[in-house]
Amino acid sequence: MGIFVVLGPLSWWVAGDTVGDLHGKDRADALNAVRQTVLAGFAGASVLFGLGYTARTYQLSRRGQVTERFSRAVGQLASDKLEERLGGIYGLEHVMAESPQEHATAVSVLSAFIREKVRRTDPPVPTGSDEARTSRPVPEWGTEPSADIRAAVEVLARRPEREEARRVDLRSTQLVGLSLRSFDFPAPPRLSRALLTWADLCRADLRGAELSGAILTSADLRHACLARACLDQALMARADLRGALLSEATLLGADLSGADVRDTTGLTAQQLAGSVLDEETKLPPVLESDPWVEARLAACRTWRDQQRDSLTPPPPTAQVR
């Protein structure tokens, strides 16, 4: 029936009056040419429709495979066996790499896995207080998270760089001795904008890590290695950085209000000249009396008094000679 329509009425309709005015052999030849053109058009349309249908079927099949792999990986995270948990973690990494649609969900699942496995249970202690100095001993060298927690954090740190509506949420986690060194990754490990409020990162090795915009309020960073780390715009209010290594770390716009940076190594007045300080910031004695640091404190005090609602910190303070 379809062929009859194509070769009959439809071909005559396409041919129009031009072919209708012809006679004899000329009309037959012209009509045959029209029919061949119409058939070729229908054949092309059929091919395109088939390709579209095949592509749609492939996408649905692939989507189903991704969903199945995602479900299997999440199930493995609940296993009592370390090997299966590691398989689930790396399975979610593959899902993130192949499916931008599942990126946010995979990040949330891995973050929740870390929070539930290594949640801090000790009560918060004000930074710099006598209680803080006596109730939180520095862990021994070699202390580090378990293999599955290390793997999960590493996967988050090398996740595909995409726009993310929500921050990586690692609040109140016990990550003592975590190692995220830039020379162990093809690109600097990235926890920028991560929520690390009250996280225990004591003795963590974060050399060269990307932590710009991270929320490190009240975090424990004692004896952490932060050499060459990017901490620009990081919120580090009331963080404990005693004994930390800060050589060549960038602190442009970093909020150190109430932070304890005594006994740090490598911290300079130039680094502090671009950060946010206040009278509660505990500084090394050699920097506390530095004219450049004193000028920065005055600039931050004026900024707070005049721009209470501004989230943009004052520009770096010029060196005072």
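For clarity, every value in this text was computed on a predicted model and none was experimentally measured.

## Comments concerning the overall build of the protein
On a plain count of helices and strands, the protein comes out with nine helices and zero strands. Listed by position from the N terminus, the elements making up the protein come as α-α-α-α-α-α-α-α-α. By the burial criterion, 44% of the 321 residues in the protein qualify as buried. Taking contacts inside the protein between residues at least 6 apart in sequence as the whole, the part at least 24 apart equals 44%. Surface accessibility of the protein: about 17300 Å² in total, with carbon and sulfur atoms responsible for 56%.

## Digging into the environment of Glu93
Relative to the elements of secondary structure, Glu93 occurs in helix H3 (residues 82-98). Measuring from C-alpha to C-alpha, the distance between Glu93 and Arg158 comes to 9.1 Å, with 65 residues separating the pair along the chain. What Glu93 contacts, discounting residues up to four positions off in sequence, is Val155 and Arg158. Here Arg158 takes part through its side chain, which lies 2.6 Å from a polar atom of the side chain of Glu93.

## Section: the environment of Ala157
The topology assignment puts Ala157 in helix H6 (residues 147-157). The spatial distance from the C-alpha of Ala157 to the C-alpha of Pro189 is 4.8 Å, given a sequence separation of 32 residues. Setting aside anything within four residues of it in sequence, one finds Ala157 in contact with Leu180, Phe185, Pro189 and Arg190.

## With respect to the environment of Ala239
Along the chain, Ala239 turns up in the loop between H6 and helix H7 (269-272). Between the C-alpha atoms of Ala239 and Asp260, which are 21 residues apart in sequence, the distance is 6.3 Å.

## Examining the layout of surface pockets
Rolled over the atoms, a probe sized like a water molecule indicates the empty space that remains. Volume-wise, the largest pocket comes out at about 300 Å³. In terms of lining, the largest pocket is formed by 16 residues, of which the most central are Ala104, Val107, Ser108, Arg166 and Arg167. Among the residues forming the lining of the largest pocket, the class breakdown is six nonpolar, three polar and seven charged. By volume, the second largest pocket is sized at about 190 Å³.

## Focus: unusual backbone geometry
The phi angle at Arg203 is positive, at roughly 60°, despite the residue not being glycine. Following the sequence through the fold, Arg203 ends up in the loop between H6 and H7. The buried category is assigned to Arg203, whose relative accessible area is 15%. Of note in the backbone geometry, Asp263 takes a positive phi value of approximately 65° without being a glycine. With respect to the secondary-structure elements, Asp263 resides in the loop between H6 and H7.

## A short note on the packing of H3 against helix H4 (residues 103-117)
Packed helix pairs are characterised by how far apart their axes lie and by the angle those axes make with each other. As a packed pair, H3 and H4 sit with axes 8 Å apart at the nearest point and diverge in direction by 155°. With respect to each other, H3 and H4 are oriented roughly antiparallel. The hand of the H3/H4 crossing is left-handed. Counted together, Arg85, Ile89, Leu92 and Met96 of H3 and His103, Ala106, Val107, Val109, Leu110, Phe113 and Lys117 of H4 form the full contact between these two elements.

## Regarding H6
Most of H6 is tucked away, with eight of its eleven residues classed as buried. Within the sequence span of H6, burial applies to Asp148, Ile149, Ala151, Ala152, Val153, Val155, Leu156 and Ala157.

## Comments concerning the packing of aromatic side chains
Per the stated rule, a full pass over the model turns up zero aromatic pairs. In this structure, Arg120 is placed above the aromatic ring of Trp198, and the distance from its NZ or CZ to the ring centre is 4.0 Å. Sitting over the ring of Trp141, Arg203 keeps its end group 3.9 Å from the ring centre.

## What to know about the nonpolar core
Soluble globular proteins: nonpolar side chains tend toward being buried together. Of all hydrophobic cores here, the largest spans 65 residues; its most connected members are Ile114, Leu201, Leu211, Leu226, Leu231, Met236 and Leu241. For this core, the elements supplying multiple residues, two or more each, are helix H2 (24-77), H3, H4, H6, H7 and helix H9 (291-306). Top element by residues in this core is H6. It accounts for seven residues. In this view, Leu226 contacts Leu206, Leu211, Leu231, Leu241, Leu245, Leu246, Ser247 and Ala249; residues no more than four positions away in its chain are not counted.

## Remarks on the pattern of salt bridges
Evaluation of the coordinates by the stated rule reveals 17 salt bridges. Residue Arg222 is joined to Asp220 by a salt bridge in which the shortest nitrogen-to-oxygen separation is 2.8 Å. For Asp260, the salt bridge identified is with Arg242, shortest N-O distance 3.6 Å. Remark: Arg242 occurs in the loop between H6 and H7 and Asp260 occurs in the loop between H6 and H7; sequence separation between them is 18 residues. Residue Arg242 is classed as buried on the basis of its relative accessible area of 14%. One connected set of salt bridges, linked through shared partners, spans Arg181, Asp184, Asp205 and Arg207.

Cut-offs used in this document
- Residues numbered from 1 in each chain as written.
- Predicted model: local features only at pLDDT ≥ 70, side-chain atom pairs only at ≥ 80, totals over all residues.
- Heavy atoms only, no water.
- Helix = DSSP H or I, 4+ residues; strand = E, 2+ residues; numbered from the N terminus.
- Buried < 20%, exposed > 50% of the residue type's maximum accessible area, 1.4 Å probe, protein only.
- Contact = heavy atoms within 4.5 Å.
- Areas by Shrake-Rupley, 256 points an atom, 1.4 Å probe, with all protein chains shown as cover.
- Polar contact = N/O pair within 3.5 Å; in protein donor to acceptor, adjacent residues only side chain to side chain.
- 1 Å grid on protein atoms, 1.4 Å probe; cavity = no way out; pocket = protein on both sides within 12 Å on 5 of 7 lines; lining within 4 Å.
- Points joined across faces, edges and corners; volume = space filled by probe spheres on them.
- Nonpolar A, V, L, I, M, F, W, Y, C, P; charged D, E, K, R; others polar.
- Axes fitted to C-alpha atoms, helices over the stretch in contact; angles between N-to-C directions.
- Parallel < 35°, antiparallel > 145°, perpendicular 65-115°, else oblique.
- Left-handed = near helix turned anticlockwise from the far one by under 90°.
- Phe/Tyr/Trp six-rings, centres within 6.5 Å; stacked < 30°, edge-to-face > 60°.
- Lys NZ or Arg CZ within 6 Å of the ring centre and 35° of its normal.
- Core = buried A, V, L, I, M, F, W, Y, C linked by side-chain atoms within 4.5 Å.
- Salt bridge = Lys/Arg side-chain N within 4 Å of Asp/Glu carboxyl O.

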